[in-house]
Amino acid sequence: MIRPLEQLSLAILKGVGPRQLKRLERLGLRTLGDLLFHLPLRYQDRSRLTPLADLYPGLETWVEGQILESGIAAGRKRTLKVWLGPVDLQPGQMAFGQGLLLRFFHFSAQQAAAFKPGERLYCYGEVRLGPQSLEMIHPECRFQRGQNPPPLGAHLTPVYPSTEGFSQRQWWALIEQALALLKTQPLAELLPPEVLEPLGLPGLSAALALIHRPPLNTPLAELAEGRHPAIQRLAFEELVAHQTSLRRLRHTARQQSAPALRGDGSLVARLRASLPFQLTAAQERVIAEIAADLGQSRPMRRLLQGDVGSGKTIVAALAAVQTVESGLQAALMAPTELLAEQHQRNLAKWLAPLGIAPVLLAGRHKGRERELRLQAIASGEAQIVVGTHALIQEDVVFRGLGLIIIDEQHRFGVHQRLKLREKGRTQGLHPHQLIMTATPIPRSLAMTLYADLDLSVIDSLPPGRTPVITRAIPDTRRDEVIERVRVACLSGRQAYWVCTLIEESEVLSAQAAEETARALQARLQGVRVGLVHGRLKAQERDSVMGEFAAGRLDLLVATTVIEVGVDVPNASLMIIENPERLGLAQLHQLRGRVGRGAVESYCLLLYHPPLSEIARERLAIIRNLNDGFAIAERDLAIRGAGELLGTRQTGSVQLRIAQPLRDHSLIAPAQRAADLLLERYPGRVQPLIERWLGGREHYGGV
Ligand code: ADP
Ligand code: MG
């Protein structure tokens, strides 16, 4: 069988030996197809040769000149300096400082010696303003030996994402070969004209040729921002591939069997009767959706979205109880011990009247303690199991897992979720899955990221909550803010003080929080200050949280570990330091810790001026809006999906080229195209999925 071009190994290209193959593989590139879909980071315009007299800072260009002088300057950093003047200059005509200074920091003695006065050069680089003159740092240089013409580009020059030991020149050589092959063996066109034409998108091979070798008149901004039809074309095809894969997956899932969880309703009724509050209409609606799914003999795959504080936990508890009622186990997995413990406590409180004692399994359970818990899980004595990642370890064996609930799903990798699901497989039956998230994802985006999941949304908060009043205050007014904390705490209310750091370092943020706690305690006589951060042992953290929840601490200084789930209704003031460093979704989550009781709550964003334009805009959004979904929509509009969701939060889908926000308008057409392909061009489905998802199995939000 002749393999299509895109599946050929990169080894067939000139210049690709075993070493280069390894390097390419590090970038995920194995085949010609991978190479062709390795898109440039940006482009350069190398088509112009600018006279020395016309240079200005910021310009990236070729220049031509003769070397007036060169030498190595010693100092902190050995530097090779080469002075370039106009080619028609007679020696001694021009004072140094008027030409262009080339600076090199990495050079061999041989290279240094090559820069002899009188030699003529072409240099390409970015012009900068140096202390004495215009400069180029590490320009690309070509000596003008004989009459060689300037090496001007006939098209825009791509700059590829690279890896060590791979120069741009090597990329160009590879791509050049790939494009030549593409001319004689175009890639299979998998999207039919009736799909492409109405969208005005080019064919695949033409799109690739343009992206790797844009004609000089191609609008650079359109390319850079991904708005150009050639890039849109690739993004579109990728979205179609994902939609097709998700639809197939959903179809397969529909054919799997699950235990139908139809108890007699007595336990569920007792739980409802014992609740200290009335469920909201929104909760009732999603509870009914879930209960109906659980009663089916195919596995539920449902995403439950609800803003912070919307009451997802009780919804999960009711689903778990329905499972228990049918004689099977339910597992609830949370991303942190703090959260798992809180869930366990809440469930234990609600379920005590029913005689159900949820079992906690966390990383800190070791030895005998862990052994006992594992036994209870294996025997089925533990009807409901709450835990962290500890739940997916090898030695955890369930007796009969009917329902998996994942809280704050974005904190888990796809594989972790998959592992838990595998544990639930018994005798050909798959467990039901309920995936909960407080990261509000606009529906359009959710449809791309989780096209294979059903969606339930709790769209209103329980009554009696007053919206949190949010204010942005510069940290020059820190003293005032501390006074406010004093007043609040001394009048019986409680407060959070959240410290943030740019570094993703638990050690540093723990230190910062410790420092802040000390300083605040020194300032606030009579206020009981507690401290939690990720470096504390789970038990210490638990006991501090417990003290705070019980009202024996007034002020809780914390890192962002308190972000998810923690619930202390008497806390009505939150200070967030350096809010400009956090994403809006995260700020909104943090703020959700207050405003849980009946008193008016405040969130003070203690920012460090000056703020950038975007930071100002974002703080304004968080000040003006209280609805997580509305915030997400706005955040999406100014920042893009990638940032909104964070790298680990992009759901089940790993996109290479498409960006859900940027390519928003392509999503609906991609869904229609996926349906069309499945129906009328079934033969193209596999190659399409192969091309875009390759060996990466699509777990689809599992
Ligand atoms: P989240 O959706 O953020 O996980 P929780 O489940 O933690 O929210 O609920 C937040 C708080 O609201 C908890 O104290 C919970 O007991 C309470 N709660 C949940 N549902 C209701 C309701 N219908 N009425 C009043 N309080 C409720
Ligand atoms: Mg929660």
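Residues numbered from 1 in each chain as written. Chains lettered and ligands numbered in written order. Predicted model: local features only at pLDDT ≥ 70, side-chain atom pairs only at ≥ 80, totals over all residues. Heavy atoms only, no water.

### Considerations on the overall build of the protein
Here is step 1 of the chain: When helices and strands are tallied, the protein shows 24 helices and 21 strands.
Here is step 2 of the chain: Taken across its 702 residues, the protein has 52% of its residues classed as buried.
Here is step 3 of the chain: Here the contacts in the protein between residues at least 6 apart in sequence split such that 76% fall between residues at least 24 apart.
Here is step 4 of the chain: Total accessible area on the protein stands at roughly 31400 Å², and carbon and sulfur atoms take up 52% of it. (Helix = DSSP H or I, 4+ residues; strand = E, 2+ residues; numbered from the N terminus. Buried < 20%, exposed > 50% of the residue type's maximum accessible area, 1.4 Å probe, protein only. Contact = heavy atoms within 4.5 Å. Areas by Shrake-Rupley, 256 points an atom, 1.4 Å probe, with all protein chains shown as cover.)

### A short note on the site of ligand 1
Here is step 1 of the chain: Lining the immediate surroundings of ligand 1 are 17 residues, of which Gly309, Lys312, Thr313, Arg465 and Asp567 lie closest.
Here is step 2 of the chain: Between Gln278 and ligand 1, the recorded distance is 2.8 Å, taken from a backbone N or O atom to a nitrogen atom.
Here is step 3 of the chain: Surface burial for ligand 1 is 84%, taken as the share of its 570 Å² of free accessible area covered by protein chains.
Here is step 4 of the chain: Looking at side-chain class alone, the shell around ligand 1 contains five nonpolar, seven polar and five charged residues. (Near = heavy atom within 4 Å. Polar contact = N/O pair within 3.5 Å; in protein donor to acceptor, adjacent residues only side chain to side chain. Nonpolar A, V, L, I, M, F, W, Y, C, P; charged D, E, K, R; others polar.)

### Digging into the packing of aromatic side chains
Here is step 1 of the chain: Scanning all chains against the criterion turns up eight aromatic pairs.
Here is step 2 of the chain: Taking 5.4 Å as the distance between ring centres and 65° as the angle between the ring planes, the aromatic pair formed by Trp62 and Tyr124 counts as edge-to-face. One end of the pair, Trp62, is in strand S2 (residues 60–73); the other, Tyr124, is in strand S5 (residues 120–129), and 62 residues separate them in sequence. Here Trp62 matches Tyr124 in class, with each residue buried.
Here is step 3 of the chain: A ring pair is formed by Phe277 and Trp350, whose centres lie 6.5 Å apart and whose planes are at 85°; its orientation type is edge-to-face. With Phe277 in the loop between helix H9 (266–274) and helix H10 (281–294) and Trp350 in helix H12 (residues 337–351), the pair connects residues that are 73 residues apart, well separated along the chain.
Here is step 4 of the chain: Grouped by ring-pair contacts, the aromatic residues Phe104, Phe115 and Phe143 constitute a single cluster.
Here is step 5 of the chain: When the ring centre of Tyr124 is taken as origin, the NZ or CZ atom of Arg46, which lies over that ring, is 4.0 Å away. (Phe/Tyr/Trp six-rings, centres within 6.5 Å; stacked < 30°, edge-to-face > 60°. Lys NZ or Arg CZ within 6 Å of the ring centre and 35° of its normal.)

### Brief notes about the nonpolar core
Here is step 1 of the chain: Formed by 53 residues in total, the largest nonpolar core has its most connected members in Leu35, Leu234 and Phe236.
Here is step 2 of the chain: When contributions to this core are tallied by element, the ones reaching two or more residues are helix H2 (32–36), helix H4 (168–184), helix H5 (193–199), helix H6 (204–212), helix H8 (229–255), helix H23 (664–680) and helix H24 (682–693).
Here is step 3 of the chain: Top element by residues in this core is H8. It accounts for eight residues.
Here is step 4 of the chain: Excluding its chain neighbours within four sequence positions, the residues that come into contact with Phe236 are Leu191, Val195, Leu196, Leu199, Leu201, Leu666, Pro669, Ala670 and Ala673.
Here is step 5 of the chain: Core analysis: the next-biggest nonpolar cluster, separate from the first, contains 40 residues, Ala319, Ile384, Leu403 and Ile458 among them. (Core = buried A, V, L, I, M, F, W, Y, C linked by side-chain atoms within 4.5 Å.)

### A short note on unusual backbone geometry
Here is step 1 of the chain: Cis geometry marks the peptide bond from Pro609 to Pro610; its omega dihedral reads 0°.
Here is step 2 of the chain: Examined against the element boundaries, Pro610 turns out to sit in the loop between strand S21 (602–607) and helix H20 (613–624).
Here is step 3 of the chain: One non-glycine residue, His138, lies in positive phi territory at about 45°.
Here is step 4 of the chain: Along the chain, the position of His138 falls in the loop between strand S6 (134–137) and strand S7 (140–143).
Here is step 5 of the chain: Residue His138 is classed as partly exposed on the basis of its relative accessible area of 35%.
Here is step 6 of the chain: A positive phi angle is found at Asn578, which is not glycine, with a value near 50°.
Here is step 7 of the chain: As for its placement among the helices and strands, Asn578 is situated in the loop between strand S20 (571–577) and helix H19 (584–591).

### Thoughts on the pattern of salt bridges
Where charged atoms from two side chains of opposite charge approach closely, those side chains can pair.
Here is step 1 of the chain: Considering all chains together, one arrives at 29 salt bridges under this definition.
Here is step 2 of the chain: A salt bridge links Arg477 to Glu480; the shortest N-O distance between them is 3.1 Å.
Here is step 3 of the chain: Beyond isolated ion pairs, a larger network of salt bridges with shared partners links Glu6, Glu189, Arg233, Glu237 and Arg691. (Salt bridge = Lys/Arg side-chain N within 4 Å of Asp/Glu carboxyl O.)

### A few points about the side chain of Asp554
Here is step 1 of the chain: Relative to the elements of secondary structure, Asp554 occurs in the loop between helix H18 (538–549) and strand S19 (555–558).
Here is step 2 of the chain: Asp554 sits in the buried class, given a relative accessible area of 8%.
Here is step 3 of the chain: Among the polar contacts made by the side chain of Asp554, one reaches the main-chain amide nitrogen of Arg528 at a distance of 2.7 Å.
Here is step 4 of the chain: Contacts of Asp554, omitting those with residues within four sequence positions, involve Cys489, Arg493, Gln494, Ala495, Gly526, Val527, Arg528 and Phe548.

### Regarding the sheet that holds strand S18 (residues 529–532)
Here is step 1 of the chain: With parallel pairing, six strands are arranged side by side in an open sheet as S16-S21-S20-S17-S19-S18. What marks the edges here is a single partner per strand, and that holds for strand S16 (469–474) and S18. Across the sheet, the axes of successive neighbouring strands diverge by a mean angle of 20°, strand direction being ignored.
Here is step 2 of the chain: Bridging between S16 and S21 involves six bridges; their strand directions are parallel. Within S21, the residue paired with Arg471 across the bridge is Leu604.
Here is step 3 of the chain: Packing against the sheet, helix H16 (residues 478–490) makes contact with S16, strand S17 (494–498), S19, S20 and S21, and its axis sits at approximately 160° to S20. (Pairing = 2+ DSSP bridges. Axes fitted to C-alpha atoms, helices over the stretch in contact; angles between N-to-C directions.)

### Digging into the pairing of strand S9 (residues 301–306)
Here is step 1 of the chain: Across the six residues that make up S9, a large majority, six, are buried.
Here is step 2 of the chain: Of the two faces of S9, the one carrying Arg301, Leu303 and Gln305 and the one carrying Arg302, Leu304 and Gly306 are both buried.
Here is step 3 of the chain: By the bridge criterion, five bridges tie S9 to strand S14 (residues 432–437) in an arrangement that is parallel. Within S14, the residue paired with Leu304 across the bridge is Met436.

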